[in-house]
Amino acid sequence: MTTLKLCLAAIAAMLGVATANAQTEKKDSVNYSLNLQEFVVKSTAPRTKMRNGAMVTRIVGSPLESAGSVEDMLSRVPGMMRMGGQLQVIGKGSPIYYINGRKVQDLEELKRLRSQDIREVEVVNSPGAAYDASVNAVVKIKTRRQQGEGLSGRFDVSDEQALKSGNNNLTSTLNLNYRHEGLDFFGGVTFQNDYLDGYRSLLEQNTYLKQNTNSIVSHTQTGYTQSDQKFSRMFFNAGVNWQFDDDNFIGVKLERGIWLKNRYWFEMEEDVLRNGMKEDYLKSESDIKYKNPNTLLVNAYYNGKIGKWGIDANVDYYSQCDKNDNHVNEQAMSGMRTVESMTENKSHLFAARLIAEHPLWTGKLQLGGEMTTVCRDNDYRISGVDNIFDRMSKVNEQNYAAFFEYGIMIPKAGMLTLGMRYEHVAFDFDDKTDPSRSVKRNHDDFFPSLSFGTRLGTVEMQLSYGVKTTRPSYYQLRSEIDYGSKYTLQTGNPLLENEIRHTLDLSGRWKWIAFNVNYLHIKDAIYDWTSPYDDNGVVMIGMVNFDRPIDVFCAFVNLSPTVGVWTTSNTVGVQKQWLSFNLDDPREATGKRHVTYDKPMLIFNSDNAFRLKRDWQLELNSQFYSKAHYRNVRLLQAYWNLTAAVQKSFLKDKSLVVRLSFCDIFNTAKQDAVIDLGNYTLKQGDVFGEGRGNYSFHRVALSVRYAFNATKSKYKGKSAGEAAIKRM
């Protein structure tokens with residue numbers, strides 16, 4: 001592969017020299033050309049730069065413009081990566097997203113939006129006091145703002161087919177916009193049909209118990225699991241935006257998600273051994289039917305100026321209803337049985353936020369307040385199994401917050417920003433089945449933030465400190481016991497405490513080189529935890545707060561030069577955590593065993609694009625991270641996803657774009673894993689496969705995009721309740 005890359009680099013350099021006089025870029029491109037007599041002198045604006053401590057990557061005019069969906073584009077933005085199929089900010093985990101200032105409530109929107117519509121992406125590693133204290137990182141997406149009036153639209157269709165299974169993902173989207181003077185009317189519909197077939201994972205789990213005779217009993221379950229899913233859904237959105245002068249906007253937007261069908265099949269087959277001798281055989285088949293898992297979001301906003309005050313106000317209403325029926329057939333050596341269960345959740349949220357800013361002395365003062373109220377009802381019923389009972393519960397939570405942030409420019413030094421956020425959270429968990437498990441508690445917390453940005457010659461740098469929290473999701477707080485199989489149960493934990501994180505960040509940029517170093521100190525970290533449930537090999541999967549802090553260090557550097565027609569972006573990084581436990585293990589003489597999770601992860605992402613004549617573009621992109629310890633999981637092999645793509649634009653205005661890509665060429669984008677919890681161990685193949693929602697990256701994808709009379713909606717609404725909605 002090294003030889004191949006060197007050859008490609010040499011070819012790209014030669015092509016760049018050969019076409020230097022013939023190639024001209026549009027004004028919105030990253031490359032600019034200045035004609036000096038007979039020569040064309042090319043200068044390259046940095047694709048990634050710093051702005052107020054954040055990494056800002058320009059998309060329009062760069063190879064990322066043709067990445068496909070915004071989700072695929074973000075995985076290649078400096079400072080971001082895929083982990084377990086999910087997008088993360090390196091070292092910070094999952095971010096929240098803004099599109100033109102409006103918070104993204106449904107991450108499926110990142111799949112529906114296309115990279116051609118994006119102007120720039122801003123990755124904020126150290127969010128200030130204006131953001132909810134649970135926000136680790138923020139990704140701000142700004143779309144291209146084109147001029148024009150009248151009717152415009154865009155139609156996209158894409159189909160992805162896995163090469164070694166029946167996985168197929170078909171998505172089509174139609175967006176329309178009508179603009180007249182200051183009024184913008186917009187709407188859209190997306191249809192998605194997915195067939196996820198045959199995700200298969202080998203597993204082996206062991207539990208160790210000490211009997212009254214002091215003898216050690218081991219229970220081993222070894223076999224496989226297989227998942228299949230078929231679903232169709234539609235998303236609708238409509239809204240209006242009114243710009244009544246140069247500085248003031250007002251609007252409302254409605255989003256509706258409807259599942260047309262959703263059915264999930266799960267099969268598990270395993271042998272059960274006791275002290276190495278076969279004791280049982282289990283085959284479990286689950287058929288889960290989802291009914292009406294629908295969502296509704298209404299957002300209204302005002303964004304503008306009143307005198308010298310800048311005002312940003314948002315109001316949200318969000319509802320979510322989902323119900324599923326689970327039918328489980330089990331076959332064991334002891335006989336057969338059928339387990340039926342039903343789960344129904346109804347959630348409602350109301351949120352409002354007001355932010356005001358005003359110049360003060362040589363800086364800017366920002367003040368704000370936010371309120372969120374959530375009501376969630378849960379009904380769980382089960383039959384066909386002993387010792388697991390029906391549960392009914394209700395959660396009410398109110399979150400009231402106030403914050404300020406002041407940034408001041410210190411002459412000949414830099415920009416100093418101070419912030420403070422206060423949050424009052426009232427949590428009420430009412431277990432209607434067992435009142436003794438009900439929980440009421442209040443939290444009153446202050447979250448400070450501090451940053452200093454400066455310039456040392458041509459190097460821009462910023463140092464930031466902040467305190468953040470992670471609140472458990474409502475699913476993690478549930479009290480009912482879910483039945484997985486005869487030997488596997490799962491539950492939540494209403495007593496979970498909030499996770500507290502102290503963060504220290506240093507970021508900087510010099511020309512086309514950007515870097516970030518960060519350190520996290522985490523207290524009361526929330527993790528999955530599995531332990532023996534009885535003496536017969538049954539295990540319970542639950543949630544716990546770690547009783548000791550975790551320290552995490554992360555550093556990465558990005559290099560994004562351009563050589564002729566070749567544009568490359570390379571991110572090299574390392575992430576290491578310090579995590580250890582003294583765990584119960586009856587195999588040890590002391591009854592305890594020291595377990596560590598501290599193997600660092602090495603990261604290397606490389607994106608290479610060749611922009612050729614006649615609107616052709618070729619790409620070769622690679623994502624790699626090494627064997628490592630990630631939270632309380634040991635990843636046993638390196639992850640490598642090599643993708644190639646070819647793209648062609650048609651018509652005079654390039655409004656028709658066709659793209660063909662071959663993803664995960666060598667079928668290596670997967671990882672086996674081991675979890676060691678002392679008296680319980682688990683080894684599983686392709687541990688992140690099901691969680692990524694697209695069981696195989698080894699696939700071919702074809703997309704077609706057509707746009708006419710392109711204008712762009714001026715909607716500037718920002719949802720006020722993103723953090724609470726993500727927990728539902």
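1. Description of the overall build of the chain
Here's step 1: Check the secondary structure of the chain and you find 4 helices and 43 strands.
Here's step 2: For the chain, the proportion of its 728 residues judged to be buried stands at 53%.
Here's step 3: Excluding contacts between residues fewer than 6 apart, the proportion of contacts in the chain whose partners are at least 24 apart in sequence is 66%.
Here's step 4: Roughly 32300 Å² of accessible area belongs to the chain as shown, and the carbon and sulfur atoms make up 58% of that amount.

2. A word on the sheet that holds strand β4 (residues 54-58)
Here's step 1: Taken in spatial order, the 6 strands make up an open sheet running β3-β4-β9-β10-β7-β8, and their pairing is mixed. Each end of this open sheet is capped by a strand with a single partner; those strands are β3 (48-51) and β8 (102-103).
Here's step 2: The pairing of strand β9 (residues 118-124) with strand β10 (residues 138-143) spans 6 bridges and is classified as antiparallel. Bridge pairing links E120 to K142 in β10.

3. Let's talk about the pattern of salt bridges
Here's step 1: Counted according to the given criterion, the structure contains 35 salt bridges.
Here's step 2: We note a salt bridge from K253 to E255, for which the minimum N-O separation is 3.4 Å.
Here's step 3: Using a relative accessible area of 13% as the deciding quantity, one classes E255 as buried.
Here's step 4: The shortest N-O distance in the salt bridge between K283 and E285 comes to 3.9 Å.
Here's step 5: Classification of K283 by relative accessible area gives partly exposed; the value is 25%.

4. Here we look at the sheet that holds strand β29 (residues 539-545)
Here's step 1: Ordered by their spatial adjacency, 4 strands build an open sheet running β24-β25-β29-β28, and the pairing between neighbours is mixed. The open sheet has two edge strands, β24 (481-485) and β28 (526-532), and neither has a second partner. Taken over all neighbouring pairs, the strand axes of this sheet differ in orientation by 30° on average, direction set aside.
Here's step 2: Pairing of strand β25 (residues 488-491) with β29, which is carried by 3 bridges, proceeds in the parallel orientation.

5. Digging into the nonpolar core
Here's step 1: M73, L74, Y97, V121 and I141 are the most contacted members of the largest nonpolar core, which totals 21 residues.
Here's step 2: Those elements giving two or more residues to this core turn out to be α2 (70-74), β6 (86-89), β7 (96-99), β9 and β10.
Here's step 3: Those residues in contact with I141 that sit more than four places away from it in its chain are V70, L74, Y97, Y98, I99, N100, L110, I118, E120 and V121.

6. Quick notes on the side chain of N608
Here's step 1: Along the polypeptide, N608 turns up in strand β35 (residues 601-611).
Here's step 2: Of note is the side chain of N608, whose polar atom sits 3.1 Å from the side chain of W566.
Here's step 3: Beyond its immediate sequence surroundings of up to four residues, N608 is in contact with W566, T567, T568, L618, E619, L620 and N621.

7. Some points on the environment of Q684
Here's step 1: Looking at the element boundaries, Q684 is found in strand β42 (residues 680-684).
Here's step 2: Distance in space between the C-alpha atoms of Q684 and L202 is 5.7 Å, their sequence separation being 482 residues.
Here's step 3: The contacts of Q684, once residues within four sequence positions are left out, are Y199, S201, L202, L203, D672 and A673.
Here's step 4: Within the structure, Q684 has its side chain in polar contact with the side chain of S201 (distance 3.5 Å).

8. Focus on the packing of aromatic side chains
Here's step 1: Summed over the entire model, instances satisfying the criterion amount to 12 aromatic pairs.
Here's step 2: Between W640 and F666, the aromatic rings sit 5.5 Å apart at their centres with planes inclined by 20°, giving stacked as the arrangement. Taken as a pair, W640 in strand β39 (residues 639-650) and F666 in the loop between β40 (656-663) and β41 (673-676) lie far apart in primary sequence, 26 residues in all.
Here's step 3: By relative accessible area, which is 49% here, F666 ends up partly exposed.
Here's step 4: A network of ring pairs unites the aromatic residues Y527, W529, F546, F581 and Y597 as a single cluster.
Here's step 5: Across from the ring centre of Y195, 5.0 Å away, lies the NZ or CZ of K230, which sits over that ring.
Here's step 6: Across the ring face of F650, the terminal group of K648 is positioned such that the distance to the ring centre comes to 4.9 Å.

9. A closer look at unusual backbone geometry
Most peptide bonds take the trans configuration, and most residues that are not glycine carry a negative phi.
Here's step 1: One non-glycine residue, N275, adopts positive backbone phi at about 55°.
Here's step 2: One non-glycine residue, D524, lies in positive phi territory at about 60°.
Here's step 3: The residue D524 is located in the loop between β27 (513-523) and β28 in this model.
Here's step 4: D524 sits in the partly exposed class, given a relative accessible area of 24%.

10. Looking at the environment of R611
Here's step 1: Relative to the helices and strands, R611 is located in strand β35.
Here's step 2: By relative accessible area, which is 21% here, R611 ends up partly exposed.
Here's step 3: Placed 45 residues apart in sequence, R611 and W566 show a C-alpha to C-alpha distance of 6.8 Å.

11. Brief notes about the pairing of strand β16 (residues 277-306)
Here's step 1: The pairing of strand β15 (residues 248-274) with β16 spans 21 bridges and is antiparallel. Paired with E267 across the bridge in β16 is E285.
Here's step 2: With 23 bridges joining them, β16 and strand β17 (residues 309-332) adopt antiparallel strand pairing. What sits directly across from S286, in β17, is V328.
Here's step 3: Connecting the antiparallel pair β16 and β17 is a turn made up of 2 residues, with G307 showing a positive phi of about 65°.

12. Quick notes on the environment of N545
Here's step 1: Mapped onto the fold, N545 is located in strand β29.
Here's step 2: Through-space distance from the C-alpha of N545 to that of K523 is 8.6 Å; in sequence the pair is 22 residues apart.
Here's step 3: Beyond its immediate stretch of four places on either side in the chain, N545 contacts L495, L496, E497, D524, A525 and I526.
Here's step 4: Within the structure, N545 has its side chain in polar contact with the backbone nitrogen of E497 (distance 2.8 Å).
Here's step 5: A polar side-chain atom of N545 sits 2.9 Å from the main-chain carbonyl oxygen of D524.

13. Considerations on the pairing of β9
Each regular strand shows side chains that alternate between the opposite faces of the sheet.
Here's step 1: Burial analysis of β9 places 6 of its 7 residues in the buried class, which makes it a mostly covered element.
Here's step 2: Relative to β9, β4 runs antiparallel, the two being bridged by 4 bridges. Residue pairing across strands places M55 opposite V123, the latter belonging to β9.

14. Remarks on the side chain of Q320
Here's step 1: Summarising the element assignment, Q320 is placed in strand β17.
Here's step 2: Residue Q320 is classed as buried on the basis of its relative accessible area of 17%.
Here's step 3: Within the structure, Q320 has its side chain in polar contact with the side chain of Y318 (distance 3.1 Å).

15. A closer look at the confidence of the model for the chain
Here's step 1: When the pLDDT values of the chain are averaged, the result is 83; 88% of them are 70 or greater.
Here's step 2: Long-range and interchain partners of residues 690-694, a stretch whose pLDDT sits below 50, account for 16 contacts in this model, where long-range means more than four residues apart.

What counts and what doesn't
- Residues numbered from 1 in each chain as written.
- Predicted model: local features only at pLDDT ≥ 70, side-chain atom pairs only at ≥ 80, totals over all residues.
- Heavy atoms only, no water.
- Helix = DSSP H or I, 4+ residues; strand = E, 2+ residues; numbered from the N terminus.
- Buried < 20%, exposed > 50% of the residue type's maximum accessible area, 1.4 Å probe, protein only.
- Contact = heavy atoms within 4.5 Å.
- Areas by Shrake-Rupley, 256 points an atom, 1.4 Å probe, with all protein chains shown as cover.
- Pairing = 2+ DSSP bridges.
- Salt bridge = Lys/Arg side-chain N within 4 Å of Asp/Glu carboxyl O.
- Axes fitted to C-alpha atoms, helices over the stretch in contact; angles between N-to-C directions.
- Core = buried A, V, L, I, M, F, W, Y, C linked by side-chain atoms within 4.5 Å.
- Polar contact = N/O pair within 3.5 Å; in protein donor to acceptor, adjacent residues only side chain to side chain.
- Phe/Tyr/Trp six-rings, centres within 6.5 Å; stacked < 30°, edge-to-face > 60°.
- Lys NZ or Arg CZ within 6 Å of the ring centre and 35° of its normal.
- pLDDT = per-residue confidence, 0-100.

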